[in-house]
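Fold and contact review
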Amino acid sequence: MQRLKIISGHLCPGRSPESRRDLRRAECGSAVGGGSEEDVVVVHGRRTAIGKAKRGAFKDTTPDELLSTVMTAVLTDVGLSPDQLGDVCVGNVLQPGAGALMARVAQFLSGFPEAVPVYTVNRQCSSGLQALFNVAGAIRNRSIDLGLACGVESMSLRSIGEPGDLSSRLMQNHKARDCIIPMGITSENVAEKFGVSREKQDSFAVSSHLKAARAQSSGLFSQEIVPVTTRSVDEDGSDREVTVSQDDGVRPGTTLTALGKLRPAFRPDGSTTAGNSSQVSDGAAAVLIGRRSAVQALGLPVLGVLRASAVVGVPPDVMGIGPAVAIPAALQQAGLTIDDIDVFEINEAFASQAVYCVEKLGIPLEKVNPNGGAIALGHPLGCTGARQVVTLLHELRRRGRRAYGVVSMCIGTGMGAAAVFEYPGP
């Protein structure tokens, strides 16, 4: 008997990856006017450059200013009036109340009318992607037609520290206790448990910097970065105006030899170092999404289509494995496989967990973060998910054909998130 598989809600004979992909593409419709009118589509996305926290380009810039820059740029680029937005959701981790006040201030600094609502969400490292999921959900339930999903973080002005008010009973529950394990220790746990060597971690980190340096020197990021004019205070106390349009953290000269000299950052006998971990950073990103029918009625472009999303829980002490669980869940929902995906944007919280996830899923390295990841670019917590979506869709567009991409990241306290996007083609 021929084996049957369920693909996108249909029973189909067992198929090769190529034929499954062709079927999925046929279901998605043609690039022009195709697909379902109910599809959630990405219209446009922009980001700021990413600055090194406490010593980089945005060390003196407040998050509302960063957020306002990208919110304004996205709508200006496509000629959309802000009063046509049904909602704005902003991912943020470190600001009080997940930045609810900060987001409303940014909205007014952007010239958005008071009638446009805004709120914030904190799902730690996935907050920027969760903001997109939330807006997409509102579109799907027909509460709104268009929305702006954003992410922002200033790790210069706010640091990870006090966990807040927690019961003393957490120490009696090992899962609850594991939620407050420092992130660097969870990286060491992944490396030890799954045998990810220091050499593999350092090699992955070198690759991230080299890919990011190549993209930066080729001008690829200029398509997604909005220049920010801000003030910076020098060491002597003098104040000057600067325009920032390039990521701070990329180090073109990074070598295995140089990284090999760095001491472990979290355990004396560990393998996680400052060189093979993500950089703490400042930055913002915004993504405009809407129902396909509304987008077409306004004559707006379609940069991508959200095909699937998933968030899963994993053990808190090895939170970095999240993408290895979330990516298969999202792909199954989309009716796709690893082989069907052209580009994977997997957040490089630590090289240990990124290497594990890539190897566990059997993803070819050439498909992973082709323009570098958080080890080179930085990881402004609330911003990262939105930044990854912007980077992914601009990269897929450069491919010049219909293509699929995945955004994924691990999440502190033990979760993983993933989203599948389709670039419909020119």
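No experiment lies behind these values; they were computed from the predicted model shown. (Residues numbered from 1 in each chain as written. Predicted model: local features only at pLDDT ≥ 70, side-chain atom pairs only at ≥ 80, totals over all residues. Heavy atoms only, no water.)

The biggest cluster of nonpolar side chains holds 44 residues, and the ones touching the most others in it are Leu67, Leu85, Val88, Leu148 and Leu288. Ranked by the residues each element gives to this core, the list is headed by helix α2 (residues 63-78), at seven residues. Dropping the residues within four chain positions of it, leucine 67 is found in contact with Val90, Met102, Ala103, Ala106, Cys150, Val152 and Ala284. By size, the runner-up hydrophobic cluster in this structure holds 33 residues, among which are Leu129, Leu132, Ile144 and Val343. (Core = buried A, V, L, I, M, F, W, Y, C linked by side-chain atoms within 4.5 Å. Buried < 20%, exposed > 50% of the residue type's maximum accessible area, 1.4 Å probe, protein only. Helix = DSSP H or I, 4+ residues; strand = E, 2+ residues; numbered from the N terminus. Contact = heavy atoms within 4.5 Å.)

The next subject is a nonpolar patch on the surface. Among the surface-exposed residues, Leu101, Val105 and Leu109 lie close enough to one another that they form a single nonpolar patch of about 280 Å² accessible area. Relative to the helices and strands, valine 105 resides in helix α3 (residues 100-109). (Patch = residues over 30% accessible without salt bridge, like charges linked within 9 Å, V, L, I, M, F, W, Y side chains within 5 Å. Areas by Shrake-Rupley, 256 points an atom, 1.4 Å probe, with all protein chains shown as cover. Salt bridge = Lys/Arg side-chain N within 4 Å of Asp/Glu carboxyl O.)

So, about helix α4 (residues 127-140). Here α4 contains 14 residues, and its C-alpha end-to-end distance of 20 Å stays within 8% of the 20 Å for a straight helix at 1.5 Å per residue. In terms of residue burial, α4 counts as a mostly covered element, since eleven of its 14 residues are buried. Inspection of α4 places Ser127, Gly128, Leu129, Gln130, Ala131, Leu132, Phe133, Val135, Ala136, Ala138 and Ile139 among the buried residues, and these make up the whole buried set. The first or second residue beyond α4 is arginine 142, which carries a positive phi of 65°. (Expected span 1.5 Å × (residues − 1).)

So, about the pairing of strand β6 (residues 118-121). Strand direction decides the pairing type here: strand β5 (residues 87-91) and β6, joined by four bridges, are parallel. When the bridges of β6 are listed, valine 88 appears paired with valine 118. Traced from β5 through α3 to β6, the parallel crossover comes out right-handed. (Pairing = 2+ DSSP bridges. Right-handed = clockwise from strand over helix to strand, strands pointing away.)

On to the pattern of salt bridges, then. Tallying each qualifying case throughout the model produces 21 salt bridges. Linking arginine 231 and glutamate 241 is a salt bridge whose minimum nitrogen-to-oxygen distance equals 3.8 Å. Pair noted here: arginine 231 is in strand β8 (residues 228-233) and glutamate 241 is in strand β9 (residues 239-244), with a separation of ten residues, a long-range link. Assessed through its relative accessible area of 40%, arginine 231 is described here as partly exposed.

Of note, the phi angle at alanine 98 is positive, near 55°, even though the residue is not glycine. Structurally, alanine 98 can be placed in the loop between β5 and α3. Residue class for alanine 98 comes out buried when judged on its relative accessible area of 15%. Unusually for a residue other than glycine, arginine 142 sits at a positive phi of about 65°. Structurally, arginine 142 can be placed in the loop between α4 and β7 (146-154).

Within the secondary structure, lysine 59 sits in the loop between β4 (51-52) and α2. In this structure the side chain of lysine 59 is engaged in a polar contact, spanning 2.7 Å, whose partner is the side chain of aspartate 60. Leave out the neighbours within four places in its chain, and lysine 59 touches Lys54, Ser156, Leu157, Ser232, Val233 and Asp282. (Polar contact = N/O pair within 3.5 Å; in protein donor to acceptor, adjacent residues only side chain to side chain.)

The contact between α2 and α3 brings their axes to 8 Å, and the two run at 50°. Relative to α3, the element α2 is oriented oblique. The element α2 and its partner α3 pack so that their crossing is right-handed. Of the residues in α3, those touching α2 at Pro63, Asp64, Glu65, Leu67, Ser68 and Met71 are Met102, Ala103, Val105, Ala106, Gln107 and Leu109. A class-by-class count of the residues in the contact of α2 with α3 yields eight nonpolar, two polar and two charged. (Axes fitted to C-alpha atoms, helices over the stretch in contact; angles between N-to-C directions. Parallel < 35°, antiparallel > 145°, perpendicular 65-115°, else oblique. Left-handed = near helix turned anticlockwise from the far one by under 90°. Nonpolar A, V, L, I, M, F, W, Y, C, P; charged D, E, K, R; others polar.)

Another aspect to go through is the environment of glycine 313. By the secondary structure assignment, glycine 313 is in strand β11 (residues 304-313). A sequence separation of 82 residues divides glycine 313 from arginine 231, and the C-alpha atoms of the two residues are 41 Å apart.

For the rest of this paragraph, the subject is the pairing of β9. Bridge analysis of β8 against β9 gives six bridges, and the strand direction is antiparallel. Residue pairing in the sheet places arginine 231 in a bridge with glutamate 241 of β9. Between the antiparallel neighbours β8 and β9 lie five residues, among them glycine 237 with a positive phi of about 90°.

Moving on, we come to the confidence of the model for the protein chain. Do not read the fine detail of predicted coordinates wherever pLDDT is low. When the pLDDT values of the protein chain are averaged, the result is 92; 92% of them are 70 or greater. Ignoring residues within four places in sequence, the model shows residues 1-17, a span with pLDDT below 50, making 31 contacts including any to other chains. In this model, residues 25-33 is a region of pLDDT below 50 whose contacts with residues beyond four sequence positions or in other chains number 23 contacts. (pLDDT = per-residue confidence, 0-100.)

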